[in-house]
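Geometric and topological summary
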Amino acid sequence: MESDMALHLASDILEDHFGGAVERVGTVLLRRGALSVQEIMRFTTEQTDRMSQEPLRFQHVRNALLTLVQHGLVTVKPHPQAANSGDDLRKMMQVYSMDVEDVIIRLRFPKFVEYCFVSYGDIAAELLMTTLKFGGVTAEFAVAETKRAITNVSNDEVHQDFWKLVDKRLICPAEPCTGARGLALACGSASPAPPIAACAASSSSSVAAASPPPLMDSNGSRLGNGAKRKRSPLNDDDESEEGQASTQVVAMSTPLQDGVQEAQDQVVKPFGAPQQAELAPVFRFNRPVLDLCVRKNMICRLVEERVNSHAAQVVATLLTGVQPRHGGGRGVDVAFMKFQQINGLMNELGFHQAGRDPERQKDKLFKVLDLLAAHKDGLVKRRSLQSSAPPISDGGGSRPLRRGAAAPTSALQQPQGELVSEWCLDWQRARKLLVDAATSQLIRDQFGIAGLRMFNLLSEANPPQRLEEWQIFSICMVPPAEGREALNEMVRRAIVNWQEVPRNSSLPLVASYWLYYVDHRRLESALVWNVLQAILNLRVRFRQEMANGAALESRAGSLTKREKHMLRAGRRVEDILERSYLVLDAG
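Let us look at the structure shown here.

Thresholds applied
- All residue numbers refer to position in the chain's written sequence, counted from 1.
- Only residues with pLDDT of 70 or above have their local features reported here, since the model is predicted, and side-chain atom pairs are shown and tallied only from 80 upward, although totals for entire chains, interfaces and linings are computed over all residues.
- In computing side-chain values, all of the structure's heavy atoms are included and hydrogens and water are not.
- For every element, the axis is a line fit to its C-alpha atoms; helices are fit only across the contacting stretch, and the angle between N-to-C directions ranges from 0 to 180 degrees.
- A run of H or I in DSSP counts as a helix once it spans at least four residues, and a run of E counts as a strand once it spans at least two, with each numbered from the N terminus.
- Oblique is the label for any angle not under 35 degrees, not over 145, and not in the 65 to 115 range, which are roughly parallel, roughly antiparallel and roughly perpendicular in turn.
- By convention the crossing between two helices is left-handed if the near helix lies anticlockwise of the far one by an angle smaller than a right angle, and right-handed if it lies clockwise.
- Working rule for contacts: check all heavy atoms of both residues, and any pair within 4.5 Å makes them a contact.
- Exposure above 30% relative accessible area and the absence of a salt bridge qualify a residue for a patch, where like charges join within 9 Å and nonpolar side chains (Val, Leu, Ile, Met, Phe, Trp, Tyr) within 5 Å.
- Accessible surface is estimated by sampling points in the Shrake-Rupley manner with a 1.4 Å probe; for residues, cover comes only from the protein chains shown.
- For this analysis, a salt bridge means a side-chain nitrogen from Lys or Arg found within 4 Å of a carboxyl oxygen belonging to Asp or Glu.
- By the counting rule applied here, Lys and Arg register as positive and Asp and Glu as negative, while His and the ends of each chain are not counted.
- Where a charge lies is defined by one atom per residue type: Lys uses NZ, Arg uses CZ, Asp uses CG and Glu uses CD.
- Only protein chains enter the accessibility calculation, which uses a 1.4 Å probe; a residue is then buried when its area is under 20% of its type maximum, exposed when over 50%, and partly exposed in between.
- Two cysteine sulfur atoms make up a disulfide if the distance between them is within 2.5 Å.
- Definition of nonpolar core: a set of buried residues of the types Ala, Val, Leu, Ile, Met, Phe, Trp, Tyr and Cys, connected through side-chain atoms within 4.5 Å.

**Some remarks on the packing of helix H3 (residues 37–46) against helix H4 (residues 58–70)**
- Running from amino to carboxyl end, H3 crosses H4 at an angle of 115°, the nearest separation of the two axes being 10 Å. In terms of axis orientation, H3 runs roughly perpendicular to H4. Considering only the axes of H3 and H4, their crossing is right-handed. Counting all contacts with H3, which are made through Val37, Ile40 and Met41, the residues of H4 involved are Phe58, Val61 and Leu65.

**Things to note about a positive patch on the surface**
- A contiguous patch of positive charge, built from Arg356, Arg360, Lys364 and Lys367, is present on the exposed surface.
- Among the secondary structure elements, Lys364 is positioned in helix H18 (residues 358–374).
- The class of Lys364 is partly exposed, set by a relative accessible area of 47%.

**With respect to the state of the cysteines**
- Counted by the stated rule, this structure contains zero disulfides.
- In this structure Cys116 is not part of a disulfide, and its nearest cysteine sulfur, from Cys293, lies 9.5 Å away.
- Given a relative accessible area of 0%, Cys116 falls into the buried group.

**Here we look at the pattern of salt bridges**
- Following the criterion strictly, the structure yields 22 salt bridges and no others.
- A salt bridge links Glu101 to Arg287; its shortest N-O distance comes to 3.3 Å. Separated by 186 residues along the polypeptide, Glu101 in helix H6 (residues 100–104) and Arg287 in helix H15 (residues 287–306) bring together distant segments of the chain.
- Here Arg571 and Glu553 are joined by a salt bridge, their closest N and O atoms 2.9 Å apart. In this pair, Arg571 sits in helix H23 (residues 561–586) while Glu553 sits in helix H22 (residues 520–554), placing the two residues 18 residues apart along the sequence.
- Under the relative-accessibility criterion, Arg571 is labelled partly exposed at 36%.
- Through salt bridges with shared partners, a single ionic network connects Asp12, Asp16, Arg539 and Arg543.

**Brief notes about the nonpolar core**
- By size, the foremost hydrophobic cluster in this structure holds 69 residues, and its most contacted members are Phe162, Leu170, Leu318, Leu425 and Trp427.
- Counting residues per element, this core draws most heavily on H15, which supplies ten residues.
- If we skip the residues at most four places from it in the chain, Phe162 touches Leu127, Ala139, Ala142, Ile171 and Phe283.
- Counting residues in hydrophobic clusters, the runner-up holds 35 residues, among them Met5, Leu7, Val25 and Ile104.

Here's what the structure looks like:
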């Protein structure tokens, strides 16, 4: 994602969330890599427009770096020249670096908060929102901010929800100045990571004014499964409560090893501070886990739309076996489950209807698992292993069956030496399902149904096809005039490529065969570029429309007829831009 468009979008996000000084420092780090403070000051001075900008002084650069470190966007490492020097020199000579993905992921913060709200309630969502807003928070600070935003809750309730988020690994102790990638490694390690160092903890007072505004109103119209609590007047906006989604996915259930209490007890003594001064551990959001949870929900939504709600519930159950890779590496670990494990999780998650015959529900579950695993492109893998279990039981755990007795179709255990089936989710196919769904939606929104038909013909055929335009129009049943316009536009945007095949060496180019095809490697980069450009255009345009209508909004009660018409037109444009962004975000 290190494209020029991604850097432009990251710069726009930094300016919108933190201001101009942080944006200038962040842009230099994104474009030039790891730099020292002196190099940052030199490069920002070179890129300063003397006519409209003031050069950044040391205090500006220092505060901008403290802000970025506080929010986990900057990684701090010793300078290569001081790698083998003493501790004092290594602390003085440091280099700072940023990753563009850590900046762009901030666009998904509302999805993270929504997932937490649906899964764990409004208190947990407010705690996560506080963590996202301030970058790094202590437990006491997060609890105090949450109690200020939500009234009629006890201190014990908020503390319980905070440590539940830590236990589910949605937030975790922060490594000293590691940034998001180092934090992912720390959260996947065998033991809880130590708290953040003094360099990030001491910057909390400096970045309070530069913190981004609340990313989404925690009292807005969102899905919820618990009773609404009374909120403070500052957050008392419109309240609307919808039903809980039928395919809610439980977050990662693996707790931090060595217990949460160890993380609470860890402290760090800042450099140069008295020995009795101690800092509480600082927590940040766990990007890999939250990102994985959002993807799980999207997979369940697609399965529910394309199959049925019960299949989506089965997939949601299998998704609990998909965990971030142990040790913090990229990717996930997928665990196989036996039938009794899947059936038990279905009961725990409330997917089995109360009062129904347990045996019939087991048979239904077994059929759905077979259906999802039977197709060659199915989302579920099935394997058979030699059983070493004791004699089979009737599923209820009451008495063993005789060796010659007929076992039920949903038998949970098999005789020793026989094959036992295990199931797991095929994560590679699940990722491909998400990519294909997003690609189809983007193609349909940009080029219409006719463009999607032609794209599917060229991309999904096996082997891949290279066809002339008249063949494409005939197979897809598209009028030539409409099809040619959509096809040429897809070629212009690098979605579809074409190839010339000369009839012979003497004829001109117009007499050649022109074949259209889809190159999937080019397609991915072209779609990412188009999406990033669309997001940036929508953000810039919406910001400009808001600025244009600010003067009219400030005196909405004393406008002339012409000004009222202008105000309504401006609001309509803003609504169209918001709707377009929501459609793009849904992909």
